[in-house]
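# Fold and geometry: a report
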Amino acid sequence: MPLPDDLVAQIQHRIDTAGHPREAAVDVMYALQRHYGYLCDEAMHYASRVLGMTTLELESLATFYDYLYRRPVGRYVIHVCDSVVCWMFHQDSIFDYLCRTLGVPPGGTTEDGLFTVLPAACIGNCHNAPTMLVNGRFYDRLTPERIDAALAELRQSTEEPVRCK
Amino acid sequence: MQIDTPQVLLKNRHLGRPATIDEYRAGGGYEALAATVGKRTPAEVLQLVLEADLRGRGGAGFPAGKKWQGIPADYVGPRYVVVNTDEMEPGTFKDRILVNVDPHLVIEGIILCAYAVKASEGVCFIRPSYESDAVLLEEQSRVAREHGLLGKNILGTDFSFDIHVHRSAGRYICGEASAQIKAISGLRPNPRKGGPRTSVKGLWDCPTIVNNLETLANLPGIVRNGPEWFKSLARSATGSGTKLFSVSGRVARPGCYELPIGTPLREIIYTHAGGMPPGRVLKAVIPGGASTPFMPDKYLDLEMDFEPMKRAGQRFGTASIMVFDQNTCLVGATLNLMEFFTRESCGWCTPCREGLPYVRHLLRLIEGGQGREEHIAMIKDAAKAMRSAYCAFAPGAAEPLLSLFEYFEAEVREHLRQKRCPFGNPPPAARGKACGTRPPDFGPTPCPEDQCPI
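The present account deals with the structure reproduced in this document. The residue numbering used here restarts from 1 in each chain and proceeds along that chain's sequence as written. Think of it this way: whatever chain is written first is A, whatever ligand is written first is 1, and the rest follow in order. Reporting in this predicted model follows two pLDDT cut-offs: at least 70 for local features of residues, and 80 or more for side-chain atom pairs to be given and counted; totals over whole chains, interfaces and linings ignore these cut-offs and use all residues. Values shown for side chains rest on all heavy atoms present in the structure; no hydrogens or waters enter the calculation.

What follows deals with the overall build of chain B. Secondary structure elements follow DSSP: runs of H or I no shorter than four residues count as helices, runs of E no shorter than two count as strands, and numbering proceeds from the N terminus. If you tally the helices and strands in chain B, you get 18 helices and nine strands. With the radius of gyration taken over C-alpha atoms, the globule rule is written as 2.2 Å times the number of residues to the power 0.38. The C-alpha atoms of chain B give a radius of gyration of 23 Å, which matches the 22 Å a tight globule of 454 residues would have. Overall, the C-alpha framework of chain B stretches about 70 × 50 × 40 Å when taken along its three principal axes. Within chain B, the proportion of its 454 residues that are buried is 61%. Any pair of residues with heavy atoms lying within 4.5 Å of one another is described as a contacting pair. Counted over contacts in chain B with a minimum sequence separation of 6, partners at least 24 positions apart contribute 71%. Accessible surface, chain B as shown: approximately 16600 Å² in total, 51% of it carbon and sulfur. As used throughout, the charge tally considers Lys and Arg to be positive and Asp and Glu to be negative, leaving His and the chain termini uncounted. The location of each charge is read from NZ of Lys, CZ of Arg, CG of Asp or CD of Glu. One finds the centroid of the 54 positive side-chain charges in chain B at a distance of 3 Å from the centroid of its 49 negative side-chain charges. Any residue under 20% of the maximum accessible area for its type is buried, any over 50% is exposed, and the rest in between are partly exposed; the area is computed with a 1.4 Å probe on protein chains only. For every accessible area listed, the method is Shrake-Rupley and the probe measures 1.4 Å; residues are considered covered only by the protein chains on display.

Laid out in structure tokens, this is it:
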């Protein structure tokens, strides 16, 4: 399936304005990930072509970084902070509550494709522990009630992300 | 709460929004830049920073001016400034606060650094969970550009410099300078061992100054008010300036506080952060981020400054203070830290790749009630070996680990004696599913067993 023209133009602009195409590698993968939902093989091959990097070089990045996904993830990726500060505030039970409520193991995705739960390195919100990050948005001072409210709010969205074939 | 200490970095703090360029200028913002470009030489700016004794706020405390002097004087060609906003160490959130309080203070600081080292381009390296900071810095850089403060011919002079934001995809090791250079270059970000410093050979093999964001935010004040003013801000004899202290854990008012360098830890915790919550008693403090040791309460009157901390065998680090109370199991806390370091290790060298999972395994046994006496010596030996790793990552991980045994070994032994966690913690469970041949919870994106192709 060809990529939309505006996405192609956006990616090309990012590469053209970089000091070196390689500097745009992560941004290009982010853009493709937003489009496909994750970095499928089709996305990796496209990135390799436009960046002039081998797929192996890109693979070494995509599999190294926490926020790039080479496997399908849910529409909402929930990064649950498991730093020592969040842990101190019963982070384990927060994590377990999320997994139990959504019916997934850590790293798993719900059957409806909405949520993926992942442990995360400290997300820089320690004064509001325990915290999680959902598609870039902070959720603070978590309790089971606040998690339920957050999940209900996220379920309201009807936007359907494009997926690889 | 009324804070009656000098506010330099956070003086434009507004509830829930960053200061605008007009608010920043109303308080003297960009005056330092106007008094510098075309009026002072880069060497004069460097001299001010050297005299102010500005030490890096990212953890290592290396003098900023000395780092800048590392650029070869005869070098002709592009030079870069990389602003380190990776900040992925547990307990640390000061740079996020600073960007969101006063983005133009940060931008002016970056420009002044660029002027001093004759750089033409700046790269703000930002972690993924700080996307709002990335957007804010991009927007406010555009505003600065429109005001002639950034871009070509700054303030009508022949000095040109511009900033762009590099978004990271998230790994703690990217905070290390040489790894950060590789990350920006689209390479796997494992640190470079030895050989030329980034100030000699950095981004695209050109001289590159990598400084923490808070470090650079001190420059407008130093240039405008002079080195003596900056030194006078500190409360300790060896300190200079103020510091952003991120305080978290078991305190009544966790948050980010700007206080003079040298403020005693007791005052930070009990006066500014509101003390312990009702019914809680302080047991230990990690004073400077996850790579610094646990400190028992006997050190609470230490001045929070690089030198006094070092003399006491402690580390100032990023001054990100984490407070642990009497109900928190420090074996469990250390295990949590080792889980973090193990997962975030780039795996490039043996002491880190092998040492961290090894000590994590032994700590899991102790916390789970299966620990044996010999495990203590095994952990200590492994932690000492981790100090000879490729970069500061594993030695940093060894700090809380060794201090656990130095100050709280009785608590460890209580685990051995009771054959369970005396604080009632359940046996630690591996997080994440097995994937191929790797340890059960290694790797950032564990896949569910039923989907694992390996």
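In terms of regular secondary structure, chain A is built from seven helices and four strands. Secondary structure elements of chain A, listed N to C terminal, follow the sequence α-α-α-α-β-α-α-β-β-β-α. Its C-alpha atoms put chain A at 45 × 30 × 25 Å along the principal axes. Here chain A, with 165 residues, has 58% of them falling under the buried criterion. A sequence separation of at least 24 residues applies to 59% of the contacts in chain A between residues at least 6 apart. Carbon and sulfur atoms provide 52% of the accessible area of chain A, an area that totals close to 7100 Å². Seen as two clouds, the 14 positive and the 21 negative side-chain charges of chain A have centres 1 Å apart.

Let's shift gears to the interface of chain A and chain B. Reports often express the size of an interface as the amount of accessible area lost when the parts come together. Facing 44 residues of chain A, the contacting portion of chain B comprises 59 residues. What gets called buried area is simply the loss in accessible area from a 1.4 Å probe that two parts show on being joined, summed for both. Counting each side, the surface lost to burial between chain A and chain B is near 4400 Å², with a carbon and sulfur contribution of 60%. On the chain A side of the interface with chain B, the three residues burying the most area are A:Glu23, A:Phe64 and A:His127, jointly 17% of the side's total. By definition, a salt bridge exists where a carboxyl oxygen of Asp or Glu is found within 4 Å of a side-chain nitrogen of Lys or Arg. Taken together, the connections running from chain A to chain B amount to one salt bridge. Ionic pairing is found between B:Arg343 and A:Asp82, a salt bridge with its closest N-O pair at 2.8 Å. Distance and chemistry together define a polar contact, namely a pair of N or O atoms within 3.5 Å, with one atom able to donate a hydrogen and the other to accept it when in protein, and with adjacent residues in sequence counting only for side-chain atoms on both sides. On inspection of chain A and its partner chain B, the count reaches 17 residue pairs in polar contact (both at pLDDT 80 or more). Sorting the residues of the side of chain A that touches chain B by element identifies helix H2 (25-36), helix H4 (55-62), helix H5 (84-88), helix H6 (91-102) and strand E2 (115-120) of chain A as the ones contributing at least two each. Each residue gets one label: Ala, Val, Leu, Ile, Met, Phe, Trp, Tyr, Cys and Pro are nonpolar, Asp, Glu, Lys and Arg are charged, and the others, such as Gly, are polar. Among the residues making up the side of chain A that touches chain B, the classes are represented as 26 nonpolar, 11 polar and seven charged.

Turning next to the nonpolar core. Among the nonpolar cores identified, the biggest contains 169 residues, and A:Leu32, B:Trp68, B:Phe161, B:Phe324 and B:Phe341 are the most heavily contacted of them. Beyond its immediate stretch of four places on either side in the chain, B:Phe324 contacts A:Val84, A:Met88, B:Val281, B:Leu282, B:Lys283, B:Ala284, B:Ile286, B:Phe294, B:Leu330 and B:Ala333. The set of buried Ala, Val, Leu, Ile, Met, Phe, Trp, Tyr and Cys residues whose side-chain atoms join them within 4.5 Å is what this entry labels a nonpolar core. Of all hydrophobic cores here, the second largest spans 25 residues; its members include B:Phe245, B:Val251, B:Ile269 and B:Leu300.

All names here are of chain B. Spatial strand order, E6-E5-E9-E7-E8: five strands in an open sheet with mixed pairing. Whereas interior strands pair on both sides, the edge strands pair on one side only; in this sheet they are strand E6 (255-260) and strand E8 (295-296). Pairing of strand E5 (residues 242-249) with strand E9 (residues 320-325) involves four bridges; the strand directions are parallel. By the bridge assignment for E9, Gly249 is matched with Val323. By this definition, two strands are paired if DSSP reports at least two bridges between them.

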